[in-house]
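Listed below, chain by chain, are the residues.
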Amino acid sequence: MEIALTVLMVAVVALLTAQLPGRTEQARTAYRLAEIERRLRLVMDHLGVVDASPVPPEVRQHLLQGDKIKAIAAYRRATGADLRSAKESVEAYGDQR
């Protein structure tokens, strides 16, 4: 009985592991997303569309309140950027205002 249970558990773990996305799937998804973003930029450039507000609304709100640290944190949450990039982007946006 214990052997059958052990074999069943191993089979279940193997099936669950097979269902998890592998690194190649994640890399493929990241590539596809980057390609979609590149094509969208090309279309927007071709049509002359300019994103008037590339900064997330929550970031603008924190900057209007004068809270730069919260604005940087909100930018990082919204974009997934690292601290340095977020700080540079928020400061650049603050300088434009």
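Going along each chain's sequence as written, the residues are numbered from 1 onward. Owing to the predicted nature of the model, reporting of local features is limited to residues with pLDDT of at least 70; listing and counting of side-chain atom pairs is limited to 80 or more, with chain, interface and lining totals taken over all residues. To get the side-chain values, all heavy atoms of the structure are used, and hydrogens and water are removed first.

## A few points about the overall build of the chain
Under the convention used in this document: Here a strand is any run of E in DSSP of at least two residues, a helix any run of H or I of at least four, and the numbering for each starts at the N terminus. Our radius of gyration looks at C-alpha atoms and nothing else; its globule reference is 2.2 Å times the residue count to the power 0.38. Burial classification: accessible surface area is computed with a 1.4 Å probe over protein chains only, and a residue below 20% of its type maximum counts as buried, one above 50% as exposed, and the rest as partly exposed. A contact between two residues is defined here by any heavy atoms of the two lying within 4.5 Å. Here, Shrake-Rupley sampling with a 1.4 Å probe gives the accessible areas, and only protein chains in the shown set may cover a residue. The sign given to each residue is positive for Lys and Arg and negative for Asp and Glu; His and the chain ends receive no count. All charge positions are set by atom: Lys at NZ, Arg at CZ, Asp at CG, Glu at CD.
When helices and strands are counted, the chain shows 5 helices and 0 strands. Scanning the chain from its N terminus toward the C terminus, one meets helices and strands in the order α-α-α-α-α. By the compact-globule yardstick of 13 Å for 97 residues, the chain is too spread out, its C-alpha radius of gyration being 22 Å. When the backbone C-alpha atoms are referred to their principal axes, the chain occupies close to 70 × 35 × 20 Å. Taking all 97 residues of the chain together, the buried fraction comes to 14%. In the chain, the share of contacts with a sequence separation of at least 24, taken over all contacts with a separation of at least 6, comes to 23%. Carbon and sulfur atoms make up 62% of the accessible area of the chain, which amounts to about 8,300 Å² in all. Put simply, the chain has 14 plus and 12 minus side-chain charges, and the middle of one group is 1 Å from the middle of the other.

## Considering helix 4 (residues 68–79)
Let me state the cut-off plainly: Each helix should span, by expectation, one fewer than its residue count multiplied by 1.5 Å. Read the arc as the range of directions from the helix axis to the C-beta atoms.
With 12 residues, helix 4 ought to run about 16 Å at 1.5 Å a step, and its terminal C-alpha atoms sit 16 Å apart, in line with that. Along helix 4, the residues that are buried comprise Ala71, Ile72, Ala74 and Tyr75. Relative to the axis of helix 4, the buried residues are bounded by an arc of 165 degrees and lie together on one face. Seen from the buried face of helix 4, the exposed residues on the opposite side, beyond 90 degrees, are Ile69 and Arg77. Elements that come into contact with the buried residues of helix 4 comprise helix 3 (57–64) and helix 5 (83–96).

## Details of the pattern of salt bridges
For clarity, the cut-off: What counts as a salt bridge is simple: a side-chain nitrogen of Lys or Arg found within 4 Å of a carboxyl oxygen of Asp or Glu.
In total, this model carries 8 salt bridges according to the counting rule given. Measuring nitrogen to oxygen at the nearest pair gives 2.5 Å for the salt bridge that ties Arg38 to Glu35. Of this pair, Arg38 and Glu35 both sit in helix 2 (residues 23–47), 3 residues apart, which is roughly one turn of the helix. Residue class for Glu35 comes out buried when judged on its relative accessible area of 17%.

## Observations concerning the nonpolar core
Definition in use: Think of a nonpolar core as a cluster: buried Ala, Val, Leu, Ile, Met, Phe, Trp, Tyr and Cys residues, connected wherever their side-chain atoms sit within 4.5 Å.
Ranked by size, the top nonpolar core spans 11 residues in total: Val55, Val59, Leu63, Ala71, Ile72, Ala74, Tyr75, Ala81, Ala86, Val90 and Tyr93. Of all the elements, helix 4 adds the most residues to this core, at 4 residues. What Val59 contacts, discounting residues up to four positions off in sequence, is Ala71, Ala74, Tyr75 and Val90.

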